[in-house]
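# Coordinate analysis (summary)
Here are the chains, one letter per residue:
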Amino acid sequence: MSEIYGHKWLTSYGPEPSQAWCAGLADLSVEQLAAGFRWCVTWRSDPWPPSLPEFRHACLQAASAIPEARAYGLGMAYASAVQYGRPLPETPPEVAETCRRASSLALISTSAEKSQKLFGYHYAQVLADMARGAQFAGQTPVRAIEQDISSTPAEVQEWANKLRAALRGESQ
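Figured I'd write up the structure that's included with this text. Note that the coordinates shown come from a computational prediction; the quantities given were computed from them, not determined experimentally.

### Thoughts on the overall build of the chain
In terms of regular secondary structure, the chain is built from nine helices and zero strands. When each of the 172 residues of the chain is scored for burial, the buried share is 32%. If you sum the accessible surface of the chain, you get close to 11400 Å²; carbon and sulfur atoms cover 58% of it.

Set out below in structure tokens:
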């Protein structure tokens, strides 16, 4: 029957797909599933079929316009720019959304391994949302407040006093 890599894996687990696999893959498009199967045939070196999470990840990654490794590199450049108030590099909306969900600070302040796992988790979620039709605005982060070095200490104090008065409800 269904033989992959010399193993009759469907027949050894039954002729029907399991409910767990059906539920785990229900939100994927036909194109994503096809990309996952292509990954199994082209890139997978293990003779056994992938686990459900591994296959789902492959479906989402293989069908994405930007492979996760490339997206991670773009994401780290974007997260660094957001965190340090630098000009934002050209970034695809799905990468910017991933950085927003994962938190730019968390991405750049943890170990590389943890950062990659965090990015990968959120990137898979964003791709799944996109498969369901979600659209993201792209580069709309809250930027760090740029330091105004042209103001004198007296001007800063004057504005601070105005802000305090406004917060207390006093009119000027």
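### Describing unusual backbone geometry
For Ser103, which is not glycine, the phi dihedral falls at a positive 80 degrees. Along the chain, the position of Ser103 falls in the loop between α6 (93-102) and α7 (104-109).

### As for the packing of helix α5 (residues 68-84) against α6
Remark: α5 packs on α6, axes separated minimally by 9 Å, with the N-to-C direction vectors making an angle of 60 degrees. Accordingly, the angle class assigned to the pair α5 and α6 is oblique. Crossing of α5 over α6 shows right-handed handedness. Along the contact surface, α5 presents Ala71, Leu74, Gly75, Tyr78 and Ala79, while α6 presents Val95, Ala96 and Cys99. In terms of residue class, the contact of α5 with α6 is built from seven nonpolar, one polar and no charged.

### Comments concerning α6
Each full turn of the α-helix corresponds to 3.6 residues, which orients residues three or four apart in the same direction. Counted residue by residue, α6 has seven buried out of ten residues, so it is predominantly covered. Within the span of α6, buried status applies to Glu94, Val95, Ala96, Glu97, Thr98, Cys99 and Ala102. Its buried side turned inward, α6 meets α5, α7 and α8 (112-131). Count one or two residues on from α6 and you reach Ser103, which has phi positive near 80 degrees.

### A look at the pattern of salt bridges
Charged atoms that come close allow side chains of opposite charge to pair. With the rule as written, the count across this model stands at seven salt bridges. Between Glu97 and Arg100 there is a salt bridge, and its shortest N-O distance comes to 2.6 Å. Of this pair, Glu97 and Arg100 both sit in helix α6, separated by three residues, roughly a single helical turn. Overall, Arg100 belongs to the exposed group, its relative accessible area being 57%.

### So, the packing of aromatic side chains
Counted under the stated rule, the structure contains four aromatic pairs. Centroid distance Trp21 to Phe55: 5.9 Å. Interplanar angle 35 degrees. Geometry classified as tilted. Here Trp21 is found in helix α2 (residues 19-25), whereas its partner Phe55 is found in helix α4 (residues 52-63), with 34 residues between them in sequence. Geometrically, the ring pair formed by Phe119 and Tyr123 is stacked, given 5.6 Å between the ring centres and 20 degrees between the ring planes. One end of the pair, Phe119, and the other, Tyr123, are both in helix α8, four residues apart, so they sit about a helical turn from each other. Residue Tyr123 is classed as buried on the basis of its relative accessible area, which comes to 0%.

### Overview of the environment of Ala131
Relative to the elements of secondary structure, Ala131 occurs in helix α8. Judged by its relative accessible area of 36%, Ala131 falls in the partly exposed class.

What counts and how
Residues numbered from 1 in each chain as written. Predicted model: local features only at pLDDT ≥ 70, side-chain atom pairs only at ≥ 80, totals over all residues. Heavy atoms only, no water. Helix = DSSP H or I, 4+ residues; strand = E, 2+ residues; numbered from the N terminus. Buried < 20%, exposed > 50% of the residue type's maximum accessible area, 1.4 Å probe, protein only. Areas by Shrake-Rupley, 256 points an atom, 1.4 Å probe, with all protein chains shown as cover. Axes fitted to C-alpha atoms, helices over the stretch in contact; angles between N-to-C directions. Parallel < 35°, antiparallel > 145°, perpendicular 65-115°, else oblique. Left-handed = near helix turned anticlockwise from the far one by under 90°. Contact = heavy atoms within 4.5 Å. Nonpolar A, V, L, I, M, F, W, Y, C, P; charged D, E, K, R; others polar. Salt bridge = Lys/Arg side-chain N within 4 Å of Asp/Glu carboxyl O. Phe/Tyr/Trp six-rings, centres within 6.5 Å; stacked < 30°, edge-to-face > 60°.

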